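Descriptive structure summary
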Amino acid sequence: MPSQKDFLKGFGSVAIHSGHEADGNNAHLTPIYASSTYVFDTADQGMRRFNGEEKGYIYSRWGNPTMTEAEQKISALESFGITKNGEPLQLKSILHSSGMAAISALLLGVLKSGDKILSHFSLYGGTQELMDKVLPQLGIETVIVDLRDLNKAEEVLKNDDRIKLLYLETPANPTIQCVDIDELTKLAKRNNLIVAVDNTFATPYLQQPFKYDVDFVFHSTTKFLNGHGTAIGGVIVGKDLEFMNGRMEKVHRLLGGNSNSFDAFLLTQGMKTLEVRMERHCNNAMQVAKFLQQNNSIAKVNYLGLTSHPDYSTANKQMKHPGAMLSFELKDGLLAGKKFIDKLQMCVRAVSLGTCDTLLSHPASMTHFGVPKEKREKYGITDGLIRMSVGIENVEDILNDLDQALK
Ligand SMILES: *Cc1c(COP(=O)(O)O)cnc(C)c1O
């Protein structure tokens, strides 16, 4: 197993060095292992690998050295600085082909027919659809409430003993709402719930859910962890090593949502710069938010770094910085939104988030085009809402582009 490098003091150093195992041919970087299968010296050795007596790779759906490095790095970052009973917290990560593959595998791994999920109403679209369209057919239902209201959450739990899992996404799409991980996890644990947190928007640099008593964290690694928009990926991270090595590993292998060496290689290289990228992302986002707040054609700016955001104090409590995601509302609605988006010269018109380049999307005409207007507006997705993933370009170029597009 790759060395833990526990002596490293800084997050950035851990991001660069942890998970790396010296290569047999002295390659500086772990190569892209393009091999589906692994050779046994003897039948006996094959048997020992299968029954777990001997460590070693067998078949790439189950893992290979390129994927292991990315997994170990994510475990090191999510557990950075966290101790349990005086020892560094040990985590296990399982890389998947996408964020959705990771979420699906986790939910199918921990829930059974008749169980229910408790979640907040502001969720990633794919997760929402999974809960609405796929899980109910397997007998798994989702109860959605405003989890910013702890009393409401408690009341729901008191009246429904079928709820087995608390599913949190914070900050969440696209109004950048936050829920209180600490308080909700305490409540969930009093009711014997499993707690899972989607940490995609924050990354372990800004927020570490394992500081609280959560059971699982996952990411769409497609976003800030990769950081360059070069590969789709996802990961499940867990602290119950017996469960992760047993049931979860089994479900992962059998559902077949494995990652691949090339994408894992890109992810590993991307994660090495997570700290410097996030510092710049957040710095730029704060300046963009202040600029937008002062602009006459904008009705509202949703950014966790502004005291006007209703979840400012929750974000302040659990995040190192307020993140790189923001959204804002243009006064003149749908037409203004489309016109603004079309005028951008440097910032990129695209969905997704977490890349070096600034990305802007217009939910009403793109991601949420199919959602009826009344339903959209209930979730804060008005016609003039623009979602922005602030990149790491020089901030004056971002501001200039926004300025000319708003004129
Ligand atoms: C993108 C995203 C996902 C889904 O991940 P994919 O890699 O696209 O499958 C899940 N949760 C959040 C918060 C996301 O942003």
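Residues numbered from 1 in each chain as written. Predicted model: local features only at pLDDT ≥ 70, side-chain atom pairs only at ≥ 80, totals over all residues. Heavy atoms only, no water.

Applying the stated rule across the entire model yields eight aromatic pairs. Both rings, one in Phe40 and one in Phe50, keep their centres 6.4 Å apart while their planes meet at 65°; by these two values the pair is edge-to-face. Remark: Phe50 occurs in helix 2 (residues 43-50) and Phe40 occurs in the loop between helix 1 (11-17) and helix 2; sequence separation between them is ten residues. Here Phe40 falls in the partly exposed class, since its relative accessible area comes to 31%. Through successive ring pairs, a cluster of aromatic residues spans Phe11, Phe80 and Tyr205. (Phe/Tyr/Trp six-rings, centres within 6.5 Å; stacked < 30°, edge-to-face > 60°. Helix = DSSP H or I, 4+ residues; strand = E, 2+ residues; numbered from the N terminus. Buried < 20%, exposed > 50% of the residue type's maximum accessible area, 1.4 Å probe, protein only.)

Tallied over the full model, the rule gives 17 salt bridges. Between Arg49 and Glu54 there is a salt bridge, with the nearest N and O atoms lying 3.4 Å from each other. Lys239 is the salt-bridge partner of Asp213, the closest N and O atoms lying 2.9 Å from each other. With Asp213 in the loop between helix 8 (203-206) and strand 8 (216-220) and Lys239 in the loop between strand 9 (234-238) and helix 9 (241-255), this residue pair connects regions lying 26 residues apart in the sequence. (Salt bridge = Lys/Arg side-chain N within 4 Å of Asp/Glu carboxyl O.)

Taken together, 15 residues are adjacent to the ligand, and Met100, Asp198, Ser220, Thr222 and Lys223 come closest. At a separation of 2.9 Å, an oxygen atom of the ligand approaches a polar backbone atom of Met100. One of the side-chain nitrogen or oxygen atoms of Ser220 is found 2.8 Å away from an oxygen atom of the ligand. In isolation the ligand offers 390 Å² of accessible surface; the protein chains occlude 93% of this area. The pocket occupied by the ligand, as judged from atoms lying within 2 Å of grid points, is the second largest pocket. In terms of residues, the shell around the ligand owes the most to one element, helix 4 (residues 99-110), which gives three residues. Here the residues of the shell around the ligand are counted per class, giving six nonpolar, six polar and three charged. (Near = heavy atom within 4 Å. Polar contact = N/O pair within 3.5 Å; in protein donor to acceptor, adjacent residues only side chain to side chain. Areas by Shrake-Rupley, 256 points an atom, 1.4 Å probe, with all protein chains shown as cover. 1 Å grid on protein atoms, 1.4 Å probe; cavity = no way out; pocket = protein on both sides within 12 Å on 5 of 7 lines; lining within 4 Å. Sits in = over half its atoms within 2 Å of the grid points. Nonpolar A, V, L, I, M, F, W, Y, C, P; charged D, E, K, R; others polar.)

Moving on, we get to the sheet that holds strand 4 (residues 116-120). Ordered by their spatial adjacency, seven strands build an open sheet running 3-9-8-7-6-4-5, and the pairing between neighbours is mixed. Looking at strand neighbours, the two that pair on one side only are strand 3 (92-96) and strand 5 (141-145), the edges of this open sheet. When the angles between neighbouring strand axes are averaged without regard to direction, this sheet yields 20°. As judged from the five bridges shared by strand 3 and strand 9, these two strands associate in the antiparallel manner. Bridge pairing in strand 9 links His96 to Gly234. (Pairing = 2+ DSSP bridges. Axes fitted to C-alpha atoms, helices over the stretch in contact; angles between N-to-C directions.)

Here we come to the environment of Lys250. Mapping Lys250 onto the fold places it in helix 9. The class for Lys250 is exposed, based on a relative accessible area of 52%. Along the sequence, Lys250 and Gly109 sit 141 residues apart, while their C-alpha atoms lie 8.8 Å from each other.

As a further point, take the packing of helix 3 (residues 65-78) against helix 10 (residues 261-271). At a minimum axis separation of 8 Å, helix 3 and helix 10 run at an interaxial angle of 35°. The way helix 3 lies across helix 10 gives a crossing that is left-handed. In this structure, helix 3 contributes Thr66, Met67, Glu69, Ala70, Lys73 and Ile74 to the contact, and helix 10 contributes Ser261, Ala264, Phe265, Leu267, Thr268 and Met271. Split by residue class, the contact of helix 3 with helix 10 holds seven nonpolar, three polar and two charged. (Left-handed = near helix turned anticlockwise from the far one by under 90°. Contact = heavy atoms within 4.5 Å.)

Quick look at the UniProt feature "modified residue: N6-(pyridoxal phosphate)lysine" (unreviewed entry) in the protein chain now. Per the UniProt record, the feature "modified residue: N6-(pyridoxal phosphate)lysine" (unreviewed entry) sits at Lys223. By relative accessible area, Lys223 is classed as buried at 9%. When residues no more than four places from it in sequence are discounted, the contact partners of Lys223 are Tyr124, Thr200, Ser352, Leu353 and Gly354. (UniProt positions renumbered as here; feature names shortened; annotations may be inferred.)

With that settled, consider the sheet that holds strand 10 (residues 298-302). Spatially, the five strands line up as an open sheet ordered 10-11-14-13-12, and their pairing is mixed. In this open sheet, the two strands that pair with only one neighbour each are strand 10 and strand 12 (348-349). The strands touched by helix 11 (residues 274-293) are strand 10, strand 11 (325-330) and strand 14 (385-389); relative to strand 11, the strand with the most contacts, the crossing angle is about 10°.

The subject of this paragraph is the layout of surface pockets. For the second largest pocket, the calculated volume is near 870 Å³. Lining the second largest pocket are 40 residues, and of these Leu123, Tyr124, Gly125, Gly126 and His368 sit closest to its centre. Only helix 4, helix 5 (125-134) and strand 8 provide two or more residues apiece to the lining of the second largest pocket. Ranked by residues supplied to the lining of the second largest pocket, first place goes to helix 5 with six residues. (Points joined across faces, edges and corners; volume = space filled by probe spheres on them.)

A word on the domain arrangement of the protein chain. Accessible area lost during the coming together of the parts is what is often quoted as the interface size. What the domain assignment lists for the protein chain is domain 1 (1-98 + 220-272) and domain 2 (275-406). The straight-line distance from the C-alpha centre of domain 1 to that of domain 2 is 34 Å. Facing eleven residues of domain 1, the contacting portion of domain 2 comprises twelve residues. Interface area for domain 1 against domain 2, summed over the two sides, is near 850 Å², with a carbon-plus-sulfur share of 61%. For domain 1, the biggest contributors to the area lost against domain 2 are Lys223, Phe224 and Gly227; these three give 62% of the whole. Here domain 1 and domain 2 share zero salt bridges between them. Elements supplying a minimum of two residues to the side of domain 1 that touches domain 2: helix 1 and helix 10. Residues of the side of domain 1 that touches domain 2, tallied by class, amount to four nonpolar, six polar and one charged. (Domains from an automatic or database assignment. Buried area = accessible area lost by both parts, 1.4 Å probe.)

Compared with an ideal rise of 1.5 Å per residue, which puts twelve residues at 16 Å, helix 15 (residues 395-406) spans 17 Å between its outermost C-alpha atoms and is within 8% of the ideal. Of the residues making up helix 15, those classed as buried are Val395, Ile398, Leu399, Asp401, Leu402, Ala405 and Leu406. On an axial view of helix 15, the arc spanned by its buried residues comes to 160°, and they lie on one face. Where helix 15 is buried, its residues touch helix 11, strand 10, strand 11, helix 13 (333-343), strand 13 (359-361) and strand 14. (Expected span 1.5 Å × (residues − 1). Arc of directions from axis to C-beta.)

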